[in-house]
Amino acid sequence: MSNNISGKVVVITGASSGLGEATARHLSQLGAKVVLAARRKERLEQLVGELIAAGGEAVAYQTDVTRADEVKALIQGALDTFGRVDVLVNNAGLMAIAPLSDVRVEEWERMIDINIKGVLYGIAAALPVFQQQNAGHFINIASVAGIKVFSPGGTVYSGTKFAVRAISEGLRHEVGGSIRTTTIEPGAVDSELKFGSSHQQSRDFVVDFYKQAIPAESVARAIAYAIEQPADVDINEIVLRPTVQEF
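Residues numbered from 1 in each chain as written. Predicted model: local features only at pLDDT ≥ 70, side-chain atom pairs only at ≥ 80, totals over all residues. Heavy atoms only, no water.

> When you look at the overall build of the protein chain in this model, what are you seeing that I'm missing?
The helix and strand tally for the protein chain stands at seven helices and seven strands. Along the protein chain, helices and strands appear, N-terminal first, in the series β-α-β-α-β-α-β-α-β-α-β-α-α-β. The C-alpha extent of the protein chain, read off along each of the three principal axes, is 50 × 40 × 35 Å. With 247 residues in all, the protein chain has 51% of them scored as buried. Taking as baseline every contact in the protein chain between residues at least 6 positions apart, the subset at least 24 positions apart corresponds to 71%. (Helix = DSSP H or I, 4+ residues; strand = E, 2+ residues; numbered from the N terminus. Buried < 20%, exposed > 50% of the residue type's maximum accessible area, 1.4 Å probe, protein only. Contact = heavy atoms within 4.5 Å.)

Below you can see the structure in the form of structure tokens.
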């Protein structure tokens with residue numbers, strides 16, 4: 001293969017379902033060596049088995065992205081297994097939609113821990129490796145809710161995704177000489193993200209809104225597009241929505 005993906009070592013968080021799983025399958029088919037991370041160990045192991053059976057190279061590490069030590073161990077595991085890391089896809093996320101007036105502080109903190117700190121922990125673990133290699137690629141999953149505030153209900157979620165965009169742009173500016181940074185901002189994409197809210201009215205609204213969702217494979221193709229570019233081309237931002245989605 002000459003797709004500039006074959007042989008690359010790609011670490012993917014939130015890989016047990018949705019965007020992460022679809023990305024793992026797509027990149028593995030294109031010849032990437034995938035390192036899969038999520039909390040659900042059984043789902044990861046099943047996916048790894050399927051990828052290997054299809055001729056791919058894959059390994060899984062049970063990882064909670066809210067724990068910096070576990071994310072560091074994930075990157076070290078990728079190095080121990082494959083000798084390098086070429087791409088980190090910071091995909092793990094939580095979308096807990098509810099009105100601010102409900103004051104669901106625990107859910108706010110959970111979204112901050114996963115959506116913001118999880119990305120930062122990934123950067124902290126992979127950046128020294130990329131700098132030593134003088135090459136690497138961060139792909140951070142934000143959202144269209146990081147471009148326009150999704151309110152009422154999604155104010156804190158939007159805040160976390162605005163933060164991902166800001167962190168990604170600052171990262172690009174600081175280390176962009178040899179390290180690439182891509183932010184992916186999807187609209188409604190079919191995944192478990194829509195089930196993240198414990199507020200029933202908001203959950204019902206989101207599930208109905210996601211009836212227009214496009215398949216997770218759509219995002220996987222966008223990620224592959226960013227990775228496959230020559231080393232001197234950095235795709236900084238990709239926004240994709242269902243054609244019918246207005247927001």
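> Help me understand the pairing of strand β2 (residues 33–38), please; the structure alone is not making it clear to me.
In summary, the side chains of a regular strand alternate between the two faces of the sheet. Most of β2 is tucked away, with five of its six residues classed as buried. The pairing of strand β1 (residues 9–13) with β2 spans five bridges and is parallel. Paired with V9 across the bridge in β2 is K33. In the classification by handedness, the crossover that spans β1, the intervening helix α1 (residues 18–29) and the parallel β2 is right-handed. As defined by bridge partners, β2 adjoins strand β3 (residues 57–62) across six bridges and the pair is classed as parallel. Bridging across to β3, A38 finds its partner in Q62. In terms of handedness, the path from β2 via helix α2 (residues 41–53) over to β3 forms a crossover that is right-handed. (Pairing = 2+ DSSP bridges. Right-handed = clockwise from strand over helix to strand, strands pointing away.)

> So what exactly am I meant to see when it comes to the packing of aromatic side chains here?
Ring pairs (aromatic) are described by centroid distance and by the angle formed between their planes. One pass over the structure, following the stated rule, counts two aromatic pairs. Judged by centre distance (5.2 Å) and plane angle (55°), the rings of F150 and F247 are tilted. Of the two residues, F150 is situated in the loop between β5 (136–141) and α5 (155–175) and F247 in the segment after β7 (237–240); the sequence distance between them amounts to 97 residues. What makes F150 buried here is its relative accessible area of 14%. (Phe/Tyr/Trp six-rings, centres within 6.5 Å; stacked < 30°, edge-to-face > 60°.)

> How do you make sense of unusual backbone geometry when you look at a structure like this?
Glycine aside, the phi torsion of most residues is negative, and most peptide linkages are trans. For the peptide bond that leads from S151 to P152, omega is 0°, which places it in the cis range. Residue placement: P152 occurs in the loop between β5 and α5. Its identity is not glycine, yet N4 carries a phi of approximately 65°, on the positive side. Mapped onto the secondary structure, N4 falls in the segment before β1.

> Can you walk me through the pattern of salt bridges in this structure?
Pairing of side chains with opposite charge becomes possible as their charged atoms draw close. On inspection of all chains with the given rule, the structure shows 10 salt bridges. The residue D69 makes a salt bridge to R67 at a minimum N-O spacing of 3.1 Å. Overall, the relative accessible area of 45% leaves D69 in the partly exposed class. For R67, a relative accessible area of 40% puts it in the partly exposed group. Across the pair R104 and D102 runs a salt bridge whose closest N-O atoms are separated by 3.2 Å. Given the relative accessible area of 24%, R104 is considered partly exposed. Bridged by salt links that share partners, the residues E21, R25 and E50 form one connected network. (Salt bridge = Lys/Arg side-chain N within 4 Å of Asp/Glu carboxyl O.)

> What's the story with the packing of α1 against α2 in this structure? I'm lost.
Helices that pack against each other are described as a pair by the angle of their axes relative to one another and the distance between those axes. Two elements in contact, α1 and α2, have axes whose closest approach is 10 Å; the angle formed by their N-to-C orientations is 15°. Relative to α2, the element α1 is oriented roughly parallel. As for the relative orientation of α1 and α2, their crossing is right-handed in sense. The segment α1 lies against α2, with E21, A24, R25 and S28 engaging L47, E50 and L51. (Axes fitted to C-alpha atoms, helices over the stretch in contact; angles between N-to-C directions. Parallel < 35°, antiparallel > 145°, perpendicular 65-115°, else oblique. Left-handed = near helix turned anticlockwise from the far one by under 90°.)

> I tried to follow empty space enclosed by the protein on my own but got confused; where do I start?
To find leftover empty space, one rolls a probe the size of a water molecule over the atoms. A full pass over the atoms with the stated rule returns one cavity of 30 Å³ or more. If you add up the space inside the largest cavity, you get close to 50 Å³. For the largest cavity, the full set of lining residues is A96, A98, P99, L100, W108, M111, G153, G154, T155, V156 and Y157. Put simply, the parts of the chain that give the lining of the largest cavity at least two residues each are α4 (105–133) and α5. Here the element with the most residues in the lining of the largest cavity is α5; it accounts for three residues. Looking at the lining of the largest cavity residue by residue, the class counts come to eight nonpolar, three polar and no charged. (1 Å grid on protein atoms, 1.4 Å probe; cavity = no way out; pocket = protein on both sides within 12 Å on 5 of 7 lines; lining within 4 Å. Points joined across faces, edges and corners; volume = space filled by probe spheres on them. Nonpolar A, V, L, I, M, F, W, Y, C, P; charged D, E, K, R; others polar.)

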